[in-house]
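Now for the letters of each chain:
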Amino acid sequence: MLLCLDVVPVTAQVSFGSPERINDNWKFVLNDIKDAQQPAFDDQPWQHIDLPHDWSVKGQLSQRLFSGTGYLPGGIGWYRKTIHIPLEKQGDKVYLYFEGVYNRSEVFINGQSLGLRPNGYISFMYDATPYVEYGKDNVIAVRVDHSRSADSRWYTGSGIYRNVWLVYANPIHIAQWGVFAYPQVNKGDGTLHVETEIENGSTQQTRLVVRHELISPEGKTIARTSNNLTVSARQKSIVKSALKVNRPDLWDLDAPNLYELKTTVLQNGKTIDETTTTTGFRTFTFDPDKGFALNGKSMKMKGVCIHHDAGVLGGAVPREVWKNRLLTLKEIGCNAIRTSHNPQAPDLYELCDELGMLVLNEAFDEWEFAKRKWLEGWNVGTPGFEGAFDFFEEWGEMDLADMVRRDRNHPSVFAWSIGNEVDYPNDPYSHPVLDGGGSTGFTQPIFGGYKKDAPDAMRLGAIAKRLVAVVKKYDPTRPTTAGLAGVAMSNETEYPAAIDIAGYNYTESMYASDHQKYPNRVIYGSENRHDMNAWKAVADNDFIFGQFLWTGIDFLGEAGRWPSRGSSAGLLNLAGFIKPRGYYRQSLWAEKPVAYIGTYPTPGKVDHSRITDVWALLEAENPINLREERAPSMEAFPVWNYDEGRSIRVVCYSNAAKARLELNGKEVGATKEYDANTGIIFWDIPFQAGKLEVIGLDVNNKEIVRHAINTSRRPEKLTLLSVDKEIDKNKGVTRIVIRIEDENSIPVVTANDEITCQIIGPGRLLGLEAGNQQDMGVYTDNRQNAFRGVLLAYIQADGDAGEIRIRFSSPWLKPIETIVRAK
């Protein structure tokens, strides 16, 4: 099977009418209040909040809560907001558009229910026109029911955690997500095909003109077309157009060129609706033998899976935060994102379009039956079985359709995943192949053997076919896929054949055998470990087009036993700082020369009576068997503080051909060649205080890169490592990184001092995050302990222009101040 597919563009989130974001000045209560939807209800005692809002992350961590969702609370909450609908808007349609509400929401206006939406990750819209009072105040109320707070295997958040829009529109307008543009590129020239869906909400048939203009990255109009269209009363109709483009600039990872498609609807020569869709030209192919090619160039996807939270911010993550995280991942060498395991915020896709990152867009983590949800720690104790399965039959196809229609125009999105690990053996589906023996390839039962009373795995194929049909209805240009957890079991069903490209979760051992057994199957790693062997299975096989590491960023939930906020599987920690394993991955993936050194006591050569607090800290976070030799670690931290003479292992992650180690300017580690089996060079040397430096060399022994760490003295001062000095006054966000240093401005990596943030001016503190998954303290005040010597502060403008003065202080350390201008 050879799939040849062309790029598709970005659709604006509200693709018609006049949208207004209505995030400010809501009222909120965490309680299920009777009649709270009624306009006359007294909400004066309620909390004043702005959206996006995640109430779970504002709660108190508690061991009595559930590990799967990060030991944070759920519950039932109500939101209310009063909006004035001007009298001159009478005759217009009025819509409310929600980018995401977690979960089981019901929206009201003026006491009337507009509808329910159980899925917490799907964007949705309601027509409020029948209940709107023009020229008066109108009350929006939203009930959010996350009382089933153990309904996920990871942290979800709770509430209206994404943007909300009020949309005014002519009764005759472009349908929501109604512009679908898909280019073809042939011999360097492009054709942009456009399907435009028009909704006639009037009582009369109407004749219209639909006009398209394509604007180049330089801002020039380079193509125009228009079509006549007749739409019957109370009906929808689609018109197809095509715009020719000579030698378009292609969207690529290094040059993500974007065009704008302006769509205008005219009635009797008058504009009644218009929208702008961002688009780009590119092609990609998937080949079962040769893998993936973007714009005709073969490449490997160096991908990561990500969840949607950002530590202290929970699920309400500002665009600026996602931009920083994606840029950091790209710096490491990452070029692809998997939205595990649900549609994410619109900002993420738009940023991937702008920055040049491929996206595997995923819909579901479970279908018709619940998976295990760990309550007392990952894989510990008796699991729960709450989840989203109970509304899958009623809502699953609609949710999938809405995800595809919302995101089908993003050039970054290359495939649609209909599920993650829904085929996990005996969780819940089972099949006789799990008993092993015969021709199964297994000498003994696996995953506990066949469970006769469990759901039959043969059901997977039928459901997959149904979901694939939904995707193809709304986007025939991209492949469908899924993350298969039980490949051996699923191979006995129609599931893998129902999808276009097959994702294998943690089953690199089956790549070669399945490639031979199913020669037309396109295979890739949809979820993978961080070790070298998992990467070599991709790099050494042309037929495997990429991998997606679990995970790109640490996340809340899927936590271990208390104390644990979440998973530490990421290349970045909760604050978005690169971890040692991130630098290791950079040495495997990055194109530029890189080098990093970290340390730990030499395994097998440790005097346990002399273990210092420094090593105790590192050992607690990165257990290493001190009694046995072992392979060099991917988690060596940049610490050079030990007892004099102690044997220390210095670990180097580099893509240089060779590396040399120096201490205080003198060579202490002989030049060693890159180890292709581990990707790691290391030396065991006695500790001596000073500057430890690695020098990366090319094959001709020419220096190409170096990295140094230094022995630090006691903490002396706070320093600003980075800060955005100007932000948008309308809720712009700055990230401020504070580092603890000694008197010589050397970072004190082992410092964990408590730091206090104080703000004067038109700004507020969104949160302080250090990335420590074991810190179960309070995250809702203005104080937080540093972790590995650093702390991140999120400061948001409150709507007014002016100077925001921010001061950070800590007992016994010199404070630091900065000014951020809100403009």
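Further up the page is the structure itself.
Here the structure is a predicted model, which means the values were calculated and not measured. (Residues numbered from 1 in each chain as written. Predicted model: local features only at pLDDT ≥ 70, side-chain atom pairs only at ≥ 80, totals over all residues. Heavy atoms only, no water.)

A. Focus on the environment of Ile332. The topology assignment puts Ile332 in helix H1 (residues 319–332). Assessed through its relative accessible area of 0%, Ile332 is described here as buried. In this structure, the C-alpha to C-alpha distance between Ile332 and Ile578, residues 246 residues apart in sequence, is 8.6 Å. Excluding residues that lie within four positions of it along the chain, Ile332 makes contacts with Leu571, Leu572, Ile578, Gly582, Arg585, Gln586, Trp589 and Ala590. (Helix = DSSP H or I, 4+ residues; strand = E, 2+ residues; numbered from the N terminus. Buried < 20%, exposed > 50% of the residue type's maximum accessible area, 1.4 Å probe, protein only. Contact = heavy atoms within 4.5 Å.)

B. Up close: the pairing of strand E38 (residues 703–710). Of the pairings in the sheet, the one linking strand E37 (residues 691–697) to E38 comprises seven bridges and is antiparallel in character. Paired with Glu693 across the two strands is Ala708, which belongs to E38. Between E37 and E38, which pair antiparallel and follow one another directly, the connecting turn spans five residues, one of which, Asn701, has a positive phi of 65°. (Pairing = 2+ DSSP bridges.)

C. Quick look at unusual backbone geometry. Here the bond from Tyr102 into Asn103 is cis, since omega is -15°, no more than 30 degrees from zero. Within the secondary structure, Asn103 sits in the loop between strand E6 (93–98) and strand E7 (105–109). The linkage connecting Trp550 with the following residue, Thr551, adopts the cis geometry, with an omega of -5°. Relative to the assigned elements, Thr551 resides in the loop between strand E29 (544–549) and strand E30 (555–556). With a phi angle near 65°, Asn426 is a residue other than glycine that sits in the positive phi range. Position of Asn426 relative to the elements: it lies in the loop between strand E25 (413–420) and helix H4 (459–474). Phi at Asn664 takes a positive value of approximately 55°, unusual for a residue other than glycine. With respect to the helices and strands, Asn664 occurs in the loop between strand E34 (658–663) and strand E35 (666–673).

D. Seen up close, empty space enclosed by the protein. Per the stated rule, a full pass over the model turns up seven cavities of 30 Å³ or more. Each pocket or cavity is described by its volume, and for the largest cavity that value is around 280 Å³. As for the largest cavity, its lining consists of 23 residues, of which Tyr102, Tyr121, Asp365, Glu366 and Ala388 are closest to the centre. Partitioned by chemical class, the residues of the lining of the largest cavity number nine nonpolar, eight polar and six charged. (1 Å grid on protein atoms, 1.4 Å probe; cavity = no way out; pocket = protein on both sides within 12 Å on 5 of 7 lines; lining within 4 Å. Points joined across faces, edges and corners; volume = space filled by probe spheres on them. Nonpolar A, V, L, I, M, F, W, Y, C, P; charged D, E, K, R; others polar.)

E. Quick peek at the state of the cysteines. For the coordinates displayed, the defined rule picks out zero disulfides. Cys334 supplies the cysteine sulfur nearest to Cys305, a cysteine that is in no disulfide, at a spacing of 9.9 Å. Between Cys334, a free cysteine, and Cys352, which holds the nearest cysteine sulfur, the sulfur-to-sulfur gap is 8.7 Å. (Disulfide = S-S within 2.5 Å.)

F. Structural context of the sheet that holds strand E32 (residues 595–601). The strand order across the open sheet formed by three strands is E32-E33-E36, and the pairing between neighbours is antiparallel. Bordering the open sheet on either side are E32 and strand E36 (680–686), each of which pairs with just one other strand. Shown here is a sheet whose adjacent strand axes are inclined to one another by a mean of 25°, direction ignored. Of the pairings in the sheet, the one linking E32 to strand E33 (residues 647–654) comprises seven bridges and is antiparallel in character. If you follow Tyr600 over to E33, its bridge partner there is Arg649. Here helix H9 (residues 580–589) sits on the sheet and contacts E32, E33 and E36; the angle it forms with E33, its principal contact strand, is near 45°. (Axes fitted to C-alpha atoms, helices over the stretch in contact; angles between N-to-C directions.)

G. Spotlight on the sheet that holds E35. Pairing is antiparallel in the open sheet, where four strands are placed in the order E35-E34-E37-E38. Every interior strand has two partners, whereas the edge strands, E35 and E38, have only one. On average, each strand axis in the sheet is inclined to that of its neighbour by 15°, with strand direction left out of account. In this sheet, E37 lies alongside E34 in antiparallel orientation, the contact comprising six bridges. Paired with Lys658 across the bridge in E37 is Leu697.

H. Up close: the pattern of salt bridges. Within this structure, the stated rule accounts for 53 salt bridges. As a salt-bridge pair, Glu368 and Arg459 come within 2.6 Å of each other at their nearest N and O atoms. Within this pair, whereas Glu368 is found in the loop between strand E24 (358–362) and helix H3 (392–407), its partner Arg459 is found in helix H4, the two being separated by 91 residues in sequence. Overlapping salt bridges bring together Arg153, Asp365, Lys371 and Glu558 as one network. (Salt bridge = Lys/Arg side-chain N within 4 Å of Asp/Glu carboxyl O.)

I. Looking closely at the nonpolar core. In terms of nonpolar packing, the biggest core is built from 96 residues, with Val304, Ile337, Trp367, Leu400, Ile418 and Tyr495 touching the most fellow members. Considering every element that reaches this core, the biggest residue donor is H4, with seven residues. The contact partners of Val304, leaving out residues within four places of it in the chain, are Leu329, Cys334, Ala336, Ile337, Arg338, Phe548, Leu549, Thr551, Gly552, Leu571 and Trp589. Counting 29 residues, the second largest nonpolar core, distinct from the first, contains Val194, Val210, Ala223 and Phe281. (Core = buried A, V, L, I, M, F, W, Y, C linked by side-chain atoms within 4.5 Å.)

J. Summary view of the environment of Thr382. Topologically, Thr382 is positioned in the loop between E24 and H3. Residue Thr382 is classed as exposed on the basis of its relative accessible area, which comes to 57%. With residues up to four places along the chain from it excluded, the contact list for Thr382 reads Leu375 and Glu376.

K. Up close: the layout of surface pockets. Of the voids in this model, the second largest pocket is the one considered here, and its volume is about 1,000 Å³. In this structure, the second largest pocket is lined by 47 residues; those nearest its centre are Trp378, Trp550, Glu558, Ser567 and Ala569. Classifying every residue of the lining of the second largest pocket gives 15 nonpolar, 19 polar and 13 charged.

L. Focus on the side chain of Gln176. Mapped onto the elements of the fold, Gln176 is located in strand E12 (residues 172–186). Within the local environment of Gln176, its side chain forms a polar contact with the side chain of Ser15, the two groups lying 3.1 Å apart. The contact partners of Gln176, leaving out residues within four places of it in the chain, are Gln13, Val14, Ser15, Phe16, Tyr97, Met125 and Arg405. (Polar contact = N/O pair within 3.5 Å; in protein donor to acceptor, adjacent residues only side chain to side chain.)

M. Region of the structure containing helix H8 (residues 532–539). Turning to H8, its buried residues number three or more, namely Met532, Ala534, Trp535, Ala537 and Val538. Taken together, the buried residues of H8 touch strand E22 (301–306), helix H7 (511–517), E29 and H9.

N. Here's a closer look at the environment of Lys262. You can see Lys262 is positioned in strand E17 (residues 259–267). Here the alpha-carbon distance between Lys262 and Ala676, two residues 414 residues apart in the chain, equals 51 Å. With sequence-adjacent residues up to four places away left out, Lys262 is seen in contact with Arg211, His212, Glu213, Glu274, Thr275 and Thr276.

O. The arrangement of the packing of aromatic side chains in detail. All told, the structure shown has 35 aromatic pairs when counted by the stated rule. An angle of 90° between the planes, with centres 5.2 Å apart, marks the rings of Tyr71 and Trp562 as edge-to-face. In this pair, Tyr71 is assigned in the loop between strand E4 (47–49) and strand E5 (75–85) and Trp562 in the loop between E30 and strand E31 (566–567), connecting sequence segments 491 residues apart. By relative accessible area, which is 2% here, Tyr71 ends up buried. Consider the rings of Tyr504 and Tyr511, whose centres lie 6.0 Å apart with planes at 55°: the pair is tilted. As far as burial versus exposure is concerned, Tyr504 and Tyr511 are alike and both buried. Through a chain of ring-to-ring contacts, the aromatic side chains of Phe284, Phe286, Phe292, Phe414, Tyr524, Phe545 and Phe548 assemble into a single cluster. The aromatic ring of Trp322 is capped on one face by Arg325, whose charged end is 5.7 Å from the ring centroid. A cation over a ring is seen here: Arg521 above Tyr518, with NZ or CZ 4.0 Å from the ring centre. (Phe/Tyr/Trp six-rings, centres within 6.5 Å; stacked < 30°, edge-to-face > 60°. Lys NZ or Arg CZ within 6 Å of the ring centre and 35° of its normal.)

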